[in-house]
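# Residue-level structural notes
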Amino acid sequence: MSEMPDIAPIRVLIGKPGLDGHDRGAKIVARALRDAGMEVIYTGLHQTPEMIVSAALQEDVQAIGLSILSGAHLTLFERTKSLMDERGCGDIILFGGGIIPGDDAEALVAMGVDAVFTPGTPTGKIVEYVKAAVEERAENGAS
Amino acid sequence: MKIDQLARAVLEGEPRALARAISVVESGAEGASHLIDLLYPHSGGATTIGVTGAPGAGKSTLVDRLIEGLRAEEKSVAAVAIDPSSPFTGGALLGDRVRMMRHHADDGVFIRSMANRGRFGGLAPTTRSVVHLLDAAGFDVVIVETVGVGQAEVSVAGSTMSTVLVLVPGQGDAIQALKAGVMEVADIFVVNKADREGADRMVSAIESVLQLADPLPDRTPPVLRTCATRGDGIAPLLEALDGHRAWLRKAKRLQDFRIAAAEEELRDALGHHLTDRAIAALDEKEAWIERLASREVALPRLIRVAVRAIRDAPRP
Ligand SMILES: Nc1nc2c(ncn2[C@@H]2O[C@H](COP(=O)(O)OP(=O)(O)O)[C@@H](O)[C@H]2O)c(=O)[nH]1
Ligand SMILES: [Mg+2]
């Protein structure tokens, strides 16, 4: 096996905050991102926003993806976003998926969540989104 | 952020800077060598512990417990956990952290997941440098979790002061590997999942292999039992680690370890660096490789050509 190419892989954290115990969706997305060449830090079930943001900081990820099925998406995303700003990593891309009604999705975007995917979104679309969003942010950051 | 500024922030113990610095080193990006130049002189104060063993043996769970125990002694702890990258896509699923999430609010704990990025031997290409960074950042203890117990997976043994090999009851293949000589890789043996059937048998099997060592070493590694999920056996493991460190400190062994580790680090890094450079400098690389494959040229000559190519190449 030869060494990997020089370009650093994108690092993404996939987490599952909240009380519900279904991480199938989160794992499918995690695997799809890995298969697209990304390094995916999977943090498991029942995470608090504090845990997720602190892990994202130490892992120096470019994106955080949260899967929320419990219906508590508004509070969980709001808390995550405000912690990110507080701790100086508001520049990390924040996206999410789960059972999120359209109105709530709009509310999430309004509070600064970068993208919201509804169940059934093809994983390829999420992969493309993460790639494009990371690239765009890197360009903006560099200028 | 400028590299000098970044280095200063790392030395001041700023976690975000440390996280960034690790990424810089890991990606080999511009500034990586400068950063290492600045920080390496500040390393050397930390105690380093390697935890290795087969996937699923309970290494991450055990590392979580070690962190807990060390924090109770008020030692700050950094952990680096390595998982394999896919050889096909370069991607990786890094799941070790799942077992260590409860330390999230503790400023005295820093955890970082690393993909091995295609490198054999249990470590990623930059793991040693990352350990130096964490050391320079002031952590009292740096723990490295690696995958594997095979003979190809022993790099960690030479790069951390104390190496713990984690086995589980019924792992007969590991006993075979130990007989074949992997024994030297561990300073402490742990039979984890001691809540399971067969732990006693596993401990005796390891002990009997250790007694076969010829010549008998001046220190026989202890074989301990743990149940990481319940937290049983952690205090004795921490004591054994202290004991091993005390043994290292005697008779200049620690100095010998440092020299050996430095040489291994140099050989490893230089080997890859020179290979990469030679391959990059080789004119018509594909043609040369084809000629090697078709027996038109033999290896010694191609090596001479490659070495000359490095010498004649403009400095990178
Ligand atoms: N029964 C039992 N299970 C354990 C023990 N330690 C870890 N495990 C479980 O073994 C599985 C793998 O653990 P993990 O720490 O991820 O192993 P690693 O792959 O070696 O890092 C998890 O489901 C753990 O809960 C133990 O002492 N006893
Ligand atoms: Mg693990």
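Rules of the game
Residues numbered from 1 in each chain as written. Chains lettered and ligands numbered in written order. Predicted model: local features only at pLDDT ≥ 70, side-chain atom pairs only at ≥ 80, totals over all residues. Heavy atoms only, no water. Helix = DSSP H or I, 4+ residues; strand = E, 2+ residues; numbered from the N terminus. Buried < 20%, exposed > 50% of the residue type's maximum accessible area, 1.4 Å probe, protein only. Contact = heavy atoms within 4.5 Å. Areas by Shrake-Rupley, 256 points an atom, 1.4 Å probe, with all protein chains shown as cover. Pairing = 2+ DSSP bridges. Axes fitted to C-alpha atoms, helices over the stretch in contact; angles between N-to-C directions. pLDDT = per-residue confidence, 0-100. Near = heavy atom within 4 Å. Polar contact = N/O pair within 3.5 Å; in protein donor to acceptor, adjacent residues only side chain to side chain. Nonpolar A, V, L, I, M, F, W, Y, C, P; charged D, E, K, R; others polar. Domains from an automatic or database assignment. Buried area = accessible area lost by both parts, 1.4 Å probe. Salt bridge = Lys/Arg side-chain N within 4 Å of Asp/Glu carboxyl O. 1 Å grid on protein atoms, 1.4 Å probe; cavity = no way out; pocket = protein on both sides within 12 Å on 5 of 7 lines; lining within 4 Å. Points joined across faces, edges and corners; volume = space filled by probe spheres on them.

## Here we look at the overall build of chain A
Looking only at helices and strands, one finds five helices and five strands in chain A. The secondary structure elements of chain A, listed N-terminal to C-terminal, are β-α-β-α-β-α-β-α-β-α. Projecting the C-alpha coordinates of chain A onto the three principal axes gives extents of approximately 45 × 35 × 25 Å. Burial statistics for chain A: of 143 residues in total, 50% are counted as buried. Taking the intrachain contacts of chain A between residues at least 6 apart in sequence as the baseline, contacts between residues at least 24 apart amount to 69%. Of the roughly 6,500 Å² of accessible surface on chain A, a fraction of 55% belongs to carbon and sulfur atoms.

## Things to note about the sheet that holds strand β4 (residues 93-98) of chain A
If you walk across this open sheet you meet the six strands as β5(A)-β4(A)-β3(A)-β1(A)-β2(A)-β3(B), and the pairing is parallel. Each edge of the open sheet carries a strand with a single partner, namely β5 (115-117) of chain A together with β3 (92-94) of chain B. Going across the sheet, the axis of each strand differs from the next one's by a mean of 20°, ignoring polarity. Bridge count between strand β2 (residues 39-42) of chain A and β3(B): three bridges; the pairing is parallel. Paired with Glu39(A) across the strands is Ala92(B), a residue of β3(B).

## As for the confidence of the model for chain B
Counting all residues, the mean pLDDT for chain B is 91, and 94% of those residues have values of 70 or more. In the model of chain B, helix α6 (residues 155-159) of chain B stands out as the element of lowest mean pLDDT, 70, in contrast to helix α4 (residues 59-72) of chain B, which has the highest, 98.

## Focus on the site of ligand 1
Residues and elements named next belong to chain B. For ligand 1, the set of nearby residues contains 16 residues, the closest of which are Gly56, Lys59, Thr61, Arg99 and Asp195. Between ligand 1 and Thr61 there is a distance of 2.5 Å, counted from an oxygen atom to a side-chain nitrogen or oxygen. A total of 580 Å² of accessible area belongs to ligand 1 in isolation, and the protein chains cover 77% of it. Tallying contributions element by element places α4 first for the shell around ligand 1, with three residues. Of the residues in the shell around ligand 1, the class split is five nonpolar, six polar and five charged.

## Side note on the domain arrangement of chain B
All names here are of chain B. The domain boundaries assigned to chain B delineate domain 1 (1-42), domain 2 (44-250) and domain 3 (263-312). If you average the C-alpha positions of domain 1 and of domain 2, the two centres end up 26 Å apart. Every contact between the two is made by 16 residues of domain 1 and, on the other side, 16 residues of domain 2. Both faces combined, the contact of domain 1 with domain 2 buries some 1,400 Å², and carbon together with sulfur accounts for 68% of it. Of all residues in domain 1, Leu18, Ile22 and Glu26 bury the most surface against domain 2, accounting for 46% of the area lost on that side. Put simply, domain 1 and domain 2 have two salt bridges between them. Note that Glu26 is salt-bridged to Arg117, the shortest N-O span being 3.8 Å. Taken together, domain 1 and domain 2 are joined by three residue pairs in polar contact (both at pLDDT 80 or more). Only α1 (3-11), α2 (15-27) and α3 (32-39) provide two or more residues apiece to the side of domain 1 that touches domain 2. Here the side of domain 1 that touches domain 2 takes nine residues from α2, the largest share from any one element.

## Describing the pattern of salt bridges
When their charged atoms lie close together, side chains carrying opposite charge are able to pair. Within the structure shown, the criterion is met by 29 salt bridges over all chains. The salt bridge involving Arg112(B) is made with Glu26(B); its shortest N-O contact spans 3.7 Å. You can see Arg112(B) sitting in strand β4 (residues 109-115) and its partner Glu26(B) sitting in helix α2, a full 86 residues away along the chain. The partner of Lys75(B) in a salt bridge is Glu73(B), and the shortest N-O contact between them spans 2.8 Å. The exposure class of Lys75(B) is partly exposed, given its relative accessible area of 23%. One network of salt bridges, in which partners are shared, links Arg11(A), Glu39(A), Glu59(A), Glu26(B), Arg97(B), Arg112(B) and Arg117(B).

## Regarding the sheet that holds strand β7 (residues 188-191) of chain B
All names here are of chain B. Overall, parallel pairing links the seven strands, which are arranged β4-β2-β5-β1-β6-β7-β8 in an open sheet. In the strand order of this sheet, the two ends are held by β4 and β8 (223-225), each with one partner. In this sheet, adjacent strand axes meet at a mean angle of 20° when their direction is disregarded.

## Structural notes on the layout of surface pockets
In this approach a probe as big as a water molecule rolls over the atoms, and the regions it shows empty are the leftover space. Approximately 1,100 Å³ is the volume attributed to the second largest pocket. Contributing to the lining of the second largest pocket are 30 residues, with Asp60(A), Gln62(A), Ala138(A), Arg20(B) and Ser23(B) lying nearest its centre. Residue assignment for the lining of the second largest pocket shows that the elements contributing at least two residues are α5 (123-142) of chain A together with α1 and α2 of chain B.

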